[in-house]
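The chain contents come next:
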Amino acid sequence: MPALTNRKRVLVTGGAGFLGSHLCERLLAAGNDVLCVDNFFTGSRDNVLHLLDNPHFELMRHDVTFPLYVEVDEIYNLACPASPIHYQHDPVQTTKTSVHGAINMLGLAKRVGARIMQASTSEVYGDPAVHPQPEEYWGNVNTIGPRACYDEGKRCAETLFFDYHRQHKLDIKVIRIFNTYGPRMHPNDGRVVSNFIIQALKGEPITIYGDGQQTRSFCYVDDLIEGFLRFVDTPAGVTGPINLGNPGEFTMLELAEKVIRLTGSASTIEHMPLPQDDPKQRRPDIAKARALMQWEPAVPLDEGLDRTIAYFRGRFFS
Ligand code: NAD
Ligand code: UDP
Ligand code: UDP
């Protein structure tokens, strides 16, 4: 059923999570009606509390592994726990969320003719044998390891998106997100940025897994959301997958030192065992995003960390 107003009706699954809540904010600011669907597994009402009074925002508790019948013009499919602690808590449910969730949202998009975006991940590259990773790289994933429920679930979701595109002509947009950080990250999801900031603010030892020489590239949340909006606005037929992330690459030791300096903490560094299947390095090749939509991250790591530290201080330490 077409809308009777000019406002676009946008569905954000996982909208009460870290990235989803920032996305809902931006979509509302751009003049859309936003339907936020979440089962609150890792997300919370707190993340969208400031939006609840907005008449153009609607929050719905729903699990995307079950069918959803709503009338919308555009779908952002973000529902899925993203950190190893959360996605390994109930691995079967994680795979179901990615796969059944994708099927249901694609079925919905097919019925209503909506453009649909998938929040895929750099984890589809696994422990990469090619560095940095261009979109053409097929990945190196252990199908039976503890990360597989997430990695393979997301890979299968990409397969479904492209098959719905080829078979049913769906207008799809697949984004491979690299490590992103910022306000509203979970305080205890075990991610390196939140762990280090909280440990530093508490004055506890900073836990580095392994020798700390493994690398990651960290994208500030506002940069990523800007990339989402630009990519979803590209013409139909531009499907991706497209990498979005910050190519600045840091070792975990460098990150620990930055966090200690920016918080002014007296924390020391403690080494702990490296988890199984932990990728040694990861950095996006964002040449496609640069060429296609003139997008690149604008917030340097020190500045993004400052803003994130301010959020954690204000929310949990005041
Ligand atoms: P998050 O855990 O904060 O958000 C996920 C949201 O999905 C939560 O609100 C959670 O309650 C909800 N959810 C989980 N299972 C659900 C289900 N079955 N039905 C409905 N809602 C469900 O994580 P995030 O960092 O905001 O990640 C959002 C998306 O981006 C995820 O799909 C994740 O895989 C992807 N991603 C994130 C990053 C990152 O660095 N943050 C990197 C790569 C990919
Ligand atoms: N679906 C949904 N909302 C809709 C339309 C479909 O949740 O508005 C679900 C539906 O339950 C189905 C899935 O999406 O399981 C895939 O739909 P599709 O039409 O592709 O497949 P089919 O219904 O033929 O199995
Ligand atoms: N890590 C660490 N200390 C921590 C948490 C994580 O050294 O307290 C390391 C982890 O082993 C990995 C990197 O930091 O090498 C990034 O971990 P995270 O879980 O944030 O992201 P992912 O591995 O999914 O990229």
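Treat the numbers as computed from the prediction; the structure is a model and nothing was measured.

Peer 1: Got a minute to help me understand the sheet that holds strand 2 (residues 33–38) in this structure?
Peer 2: Sheet strands pair via backbone hydrogen bonds, and the direction of the pair is either parallel or antiparallel. The strand order across the open sheet formed by seven strands is 3-2-1-4-5-6-11, and the pairing between neighbours is parallel. Strands at the two margins of the open sheet, each flanked by one partner only, are strand 3 (57–61) and strand 11 (242–244). Strand after strand, the sheet turns through a mean of 20° between neighbouring axes, direction not considered. When strand 4 (residues 74–77) meets strand 5 (residues 115–121), the two strands line up parallel, connected through four bridges.

Peer 1: Before we go on, may I ask you to explain the nonpolar core in this structure?
Peer 2: Taken as a class, soluble globular proteins show a tendency for nonpolar side chains to be buried jointly. Of all hydrophobic cores here, the largest spans 75 residues; its most connected members are Val12, Cys36, Ile75, Leu106, Ile116, Ile175 and Phe196. Per-element tally for this core: the top contributor is helix 4 (residues 148–168), with six residues. Look past the residues within four positions of Ile116 in its chain and what remains in contact with it is Ile75, Asn77, Met105, Leu106, Ala109, Leu170 and Ile172.

Peer 1: Just to check I follow, could you spell out the pairing of strand 4 for this structure?
Peer 2: Along any regular strand, the residues point their side chains to alternate faces of the sheet. Residues Glu74 and Tyr76 of strand 4 are buried on one face, and the alternating residues Ile75 and Asn77, pointing to the opposite face, are buried as well. Pairing geometry for strand 1 (residues 9–13) and strand 4, over four bridges, is parallel. From the neighbouring strand, Leu11 faces strand 4, where its bridge partner is Ile75.

Peer 1: Any chance you could explain the site of ligand 1 here in plain terms?
Peer 2: Surveying the vicinity of ligand 1 reveals 28 residues, the closest of which are Gly14, Gly17, Leu19, Thr42 and Gly43. When residues of the shell around ligand 1 are traced back to their parent elements, those giving at least two are helix 1 (18–29), helix 3 (91–112) and strand 5. Element by element, the count of residues in the shell around ligand 1 is highest for helix 1, at three residues. Of the residues in the shell around ligand 1, the class split is 13 nonpolar, 13 polar and two charged.

Peer 1: What should I look at first to understand the site of ligand 2 in this one?
Peer 2: What surrounds ligand 2 is the set Pro67, Leu68, Tyr69, Ile103, Asn104, Gly107, Leu108, Lys110 and Arg111. Its residues assigned to classes, the shell around ligand 2 comprises five nonpolar, two polar and two charged.

Peer 1: Quick question: what am I supposed to make of the environment of Asn6 here?
Peer 2: In this fold, Asn6 is placed in the segment before strand 1. Under the C-beta neighbour-count criterion, Asn6 is labelled exposed, with 6 such atoms within 10 Å.

Peer 1: Got a minute to help me understand helix 3 in this structure?
Peer 2: Along an α-helix, residues three or four apart share an orientation, since each turn contains 3.6 residues. When the terminal C-alpha atoms of helix 3 are compared, their 31 Å separation across 22 residues agrees well with the 32 Å that a helix rising 1.5 Å per residue should span. The largest bend in helix 3 amounts to roughly 25° and is located at Thr97. Within helix 3 the residues assigned to the buried category are Thr94, Thr95, Thr97, Ser98, Gly101, Ala102, Asn104, Met105, Leu106, Leu108 and Ala109. For helix 3, the secondary structure elements touched by its buried residues are strand 1, strand 4, helix 2 (84–87), strand 5 and helix 4. Downstream of helix 3 by a residue or two, Gly113 has a phi angle that is positive, lying close to 70°.

So, how was this worked out
- Residues numbered from 1 in each chain as written.
- Chains lettered and ligands numbered in written order.
- Predicted model: local features only at pLDDT ≥ 70, side-chain atom pairs only at ≥ 80, totals over all residues.
- Pairing = 2+ DSSP bridges.
- Helix = DSSP H or I, 4+ residues; strand = E, 2+ residues; numbered from the N terminus.
- Axes fitted to C-alpha atoms, helices over the stretch in contact; angles between N-to-C directions.
- Core = buried A, V, L, I, M, F, W, Y, C linked by C-beta atoms within 7 Å.
- Buried ≥ 20, exposed ≤ 12 C-beta atoms within 10 Å, placed from the backbone.
- Contact = placed C-beta atoms within 7 Å.
- Near = placed C-beta within 6 Å.
- Nonpolar A, V, L, I, M, F, W, Y, C, P; charged D, E, K, R; others polar.
- Expected span 1.5 Å × (residues − 1).
- Bend = angle between axes of the 7 residues up to and from the residue.

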